[in-house]
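The primary structure of each chain is shown beneath.
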Amino acid sequence: MTTVDMGPRAGRREWLALAVLCLPTLLTTVDVSVMILALPRLAGDLDASGTQQLWATDIYGFMIAGFLVLMGTLGDRIGHRAVLLAGAAGFIIASLLAAYSTSIEMLLVARALLGVAAATVMPSVLALISQLFPNPAQMGAAMGVWGTSIMLGVILGPVVGGLLLGSFWWGSIFLIGVPVMALLLLTGPALLPSTRNPHAGRLDPLSALLSLAALLPVVYGLKEIARAGWAPTPLGAIVLGAAFAVMFVARQRQLAQPMLDLALFRNPVVSTIVLLGLAFGFITAGAGLLSTLYMQLVEGMSPLRVALWMLIPAGAMIIGGNLGPALARTVRPGYVLAGGMVLAAVGALVITQVSVSSGLVTLLVGLVIMYVGGSPSATLANAVMMSATPPEKAGAAGSLSSAGGELGVALGVAVLGSVAGAVYGSAVDVPAAVPTEAAGPAGESIVGAVAVADTLPGPVATQLLDSAREAFTHALHGASLINLVLFLMVAALLAARLRSVAPTGSGHPGLPPEPGPAPH
């Protein structure tokens, strides 16, 4: 009988360190959504134009996506604890600048700095967790706890924002980061390990510039297409970003010590998990956007009521995110993840049955099923990837996973938003009594239709709103059908590519299991 070495078990200090690491993770997730609720107030106080408001919301995510790879490589080189603590200090400074901004330009700079600081969190935290929990079973549990902090951030962002804005000025939403990062600075040096890889990719400034030049134009182009439709400028930005991406890859191949080790993509576990993050980010971002718009503009709910109702599927996300790693201790992770994607496809199918008259319950049921099935991709998938990655490459692998998720979110909003817009435009019937200058906005989006309806006589406004709500419901159905197909495709990919990954309780997660004894 062979005894499997499960690795040293973590103690109280390591679990306390995990709790500290979950706080900045939760915070950076909160900051993604909390800004949206504050836009009306800060736009009035800072006299921000519509374009400036868009940038104030999006530049945070742009900078996270652009700096993730750089920060992951920097952590591998000088130590993830040092990078994380430096990011925490930067986050505090940028939060104070944002909270007390006196102009929209100052706020934009502060939000950009917040994004750079937040980019240090994800790859550093993933790498540190892999160092704190070498025992595979414990790593699975730790990843479940960490994934829960991500989901709590999704839940708490709108709720915390609504509560703060109900009692304080708009800048208060940025101050929540100060005590969280201060706690990390105080406890991190004592609790977090200090290790680095002496053979990590060197910090090549040109590679860093090329990675930014590749990611930022693509994300910008996708966001603009989602906002205003196809146009030469965003298409040109995407082409420009793709050209810089080719240059970036070519330079990494030439360097003896590249900033990003492209050999990671030859690892089937790493490449598959990156694709999973891309796909799930795509689906959840688009579904979340359309679902919240449906609840606000079709069901007529306030943003705070929407946030409270969304606690139900978010709670289901927490359950699924912790159930996945538990099942993977005895069932192959590839099958757990694939089964979750099939279940999520059922949720997407349920959402196609949402109606205008009684759609809230159906929508929530569909979201619950979708989130339960898909949420292990945020916990179990990362645990499997980190187990299959050499410790000295943990930061680079973590940054790839995070970058895939960020790009998936941008793609989901752009593509599914564009699909929904096209379906809405073909289905809406703008009454002839609507003035010509108002018919355009009303026929482009339900947001425009609701705004136009406020200026119309009662019967005409009712007719327009009824048609707009029906058309948007059809748009929700169309996007959900795309999500259903994507879920099934991802399920097939996971079952095929990860079928050799052993259960996490076997002692060798991320690797094919050792062959058993020959049958007698």
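Predicted, not measured: the structure shown is a model, and the values here were computed from it. (Residues numbered from 1 in each chain as written. Predicted model: local features only at pLDDT ≥ 70, side-chain atom pairs only at ≥ 80, totals over all residues. Heavy atoms only, no water.)

**Structural notes on the overall build of the protein chain**
Filter applied, for reference: The way it works is that DSSP assigns letters per residue, a run of H or I at least four long becomes a helix, a run of E at least two long becomes a strand, and they are numbered from the N terminus. Only protein chains enter the area calculation, which uses a 1.4 Å probe; residues under 20% of their type maximum are buried, those over 50% are exposed, and those in between are partly exposed. The contact criterion used throughout is that any non-hydrogen atoms of two residues lie within 4.5 Å. Each accessible area value is a Shrake-Rupley result obtained with a 1.4 Å probe; residue values ignore everything except the protein chains displayed when judging cover.
On a plain count of helices and strands, the protein chain comes out with 20 helices and zero strands. Counting over 520 residues, the protein chain shows a buried share of 54%. Relative to all contacts within the protein chain whose residues are 6 or more apart in sequence, the contacts with residues 24 or more apart total 81%. Accessible area for the protein chain stands at about 21000 Å²; split by element, carbon and sulfur atoms hold 69% of it.

**Description of the nonpolar core**
Operational definition: Remark: nonpolar core denotes a set of buried residues (Ala, Val, Leu, Ile, Met, Phe, Trp, Tyr, Cys) joined through side-chain atoms within 4.5 Å.
Core analysis: the largest hydrophobic core is formed by 72 residues, its most contacted members being M370, Y424 and F487. Elements supplying a minimum of two residues to this core: α11 (268-298), α14 (333-351), α15 (360-374), α16 (380-387), α17 (394-427), α18 (436-444), α19 (446-453) and α20 (458-497). Not counting chain neighbours up to four residues away, the residues in contact with Y424 comprise A442, G443, E444, S445, I446, A449, A468, A471, F472 and A475.

**Quick look at helix α8 (residues 177-191)**
As a reminder of what qualifies: By this rule the span expected of a helix is its residue count minus one, scaled by 1.5 Å. At any given residue, the bend is defined as the angle formed between two axes, one fitted to the seven residues that end at that position and one fitted to the seven that begin there.
With 15 residues, α8 should cover 21 Å at 1.5 Å per step; its first-to-last C-alpha distance of 20 Å lies within 8% of that length. The principal kink in α8, of about 30°, is found at L185, preceding the proline P189 by one to four residues.

**Re a nonpolar patch on the surface**
Put simply, the rule is: Residues qualify for a patch when their relative accessible area is over 30% and they have no salt bridge, like charges being joined within 9 Å and the nonpolar side chains of Val, Leu, Ile, Met, Phe, Trp and Tyr within 5 Å. Think of a salt bridge as a Lys or Arg side-chain nitrogen and an Asp or Glu carboxyl oxygen that are within 4 Å of each other.
Together, I93, L97, V109 and L113 give the surface a local cluster of nonpolar side chains, amounting to about 340 Å² of exposed area. Secondary structure elements with two or more residues in the nonpolar patch: α3 (80-99) and α4 (104-118). Relative to the elements of secondary structure, L113 occurs in helix α4. Taking relative accessible area as the criterion, L113 reaches 41% and is therefore assigned partly exposed.

**Overview of the confidence of the model for the protein chain**
Close inspection of predicted coordinates is inappropriate for parts of the model with low pLDDT. Selection criterion: For every residue, the pLDDT score states the predictor's confidence, bounded by 0 at the bottom and 100 at the top.
Averaged over all residues, the pLDDT of the protein chain equals 77, while 80% of them reach at least 70. This model gives residues 1-5 a pLDDT under 50, and the stretch forms four contacts once residues within four places in sequence are excluded. In this model residues 510-520 is a low-confidence stretch, pLDDT under 50, and it forms 13 contacts with partners more than four residues away in sequence or in other chains.

**Here's the deal with the environment of V501**
Position of V501 relative to the elements: it lies in the segment after α20. The exposure class of V501 is buried, given its relative accessible area of 2%. In sequence terms V501 and G334 are 167 residues apart; their C-alpha atoms lie 6.8 Å from each other.

**What about α19?**
Put simply, the rule is: It is the directions from the helix axis to the C-beta atoms whose arc is reported.
Of the residues making up α19, those classed as buried are I446, G448, A449, V452 and A453. One side of α19 carries all its buried residues, which in axial view fall inside an arc of 155°.

**Topic: the packing of aromatic side chains**
We count it as follows: Side-chain rings of Phe, Tyr and Trp (the six-membered ring for Trp) are treated as a pair once their centres are within 6.5 Å; stacked means planes under 30 degrees apart, edge-to-face means over 60, and tilted covers the remaining angles.
In this structure the tally under the stated criterion is one aromatic pair. Taken together, a centroid distance of 5.7 Å and an interplanar angle of 40° make the contact between Y100 and W169 tilted. Placement of the pair is Y100 in the loop between α3 and α4 and W169 in the loop between α6 (136-167) and α7 (172-175), with a sequence separation of 69 residues.

**What to know about the packing of α14 against α16**
Going by this rule: Interaxial angle, 0 to 180 degrees, is taken between N-to-C directions of lines fitted to C-alpha atoms, where a helix line uses only the stretch in contact. Small angles under 35 degrees read as roughly parallel and large ones over 145 as roughly antiparallel, with 65 to 115 read as roughly perpendicular and the rest as oblique. Handedness of a helix crossing follows the sense of rotation of the near helix relative to the far helix, less than a right angle counterclockwise being left-handed and clockwise being right-handed. Three categories are distinguished: nonpolar for Ala, Val, Leu, Ile, Met, Phe, Trp, Tyr, Cys and Pro, charged for Asp, Glu, Lys and Arg, and polar for the others, with Gly belonging to the last.
Viewed as axis vectors pointing N to C, α14 and α16 meet at an angle of 155°, and their least axial separation amounts to 10 Å. It follows that α14 is roughly antiparallel to α16 by the angle criterion. At the point where α14 passes α16, the crossing takes the left-handed sense. Side by side, α14 and α16 meet where P333, V336 and L337 of the first sit next to L380, A381 and V384 of the second. For the contact of α14 with α16, the class distribution of residues is six nonpolar, no polar and no charged.

**Some details on the packing of α11 against α20**
Running from amino to carboxyl end, α11 crosses α20 at an angle of 165°, the nearest separation of the two axes being 10 Å. Taken together, α11 and α20 sit at an angle that is classed as roughly antiparallel. Pair α11 / α20 crosses with left-handed handedness. Within the contact of α11 with α20, the residues separate by chemical class into 21 nonpolar, five polar and two charged.

**Regarding the environment of V306**
Summarising the element assignment, V306 is placed in helix α12 (residues 303-309). C-alpha separation for the pair V306 and S291, spaced 15 residues apart in sequence, amounts to 9.5 Å. Excluding its chain neighbours within four sequence positions, the residues that come into contact with V306 are T292, M295, Q296 and M301.

**Considering the side chain of S101**
Put simply, the rule reads: Nitrogen and oxygen atoms within 3.5 Å of one another constitute a polar contact, given that in protein one can donate a hydrogen and the other can accept it, and given that sequence-neighbouring residues count only through two side-chain atoms.
Relative to the assigned elements, S101 resides in the loop between α3 and α4. Here L107 takes part through its backbone nitrogen, which lies 3.5 Å from a polar atom of the side chain of S101. Not counting the four nearest positions on each side in its chain, S101 is found in contact with L46, M106, L107 and W170.

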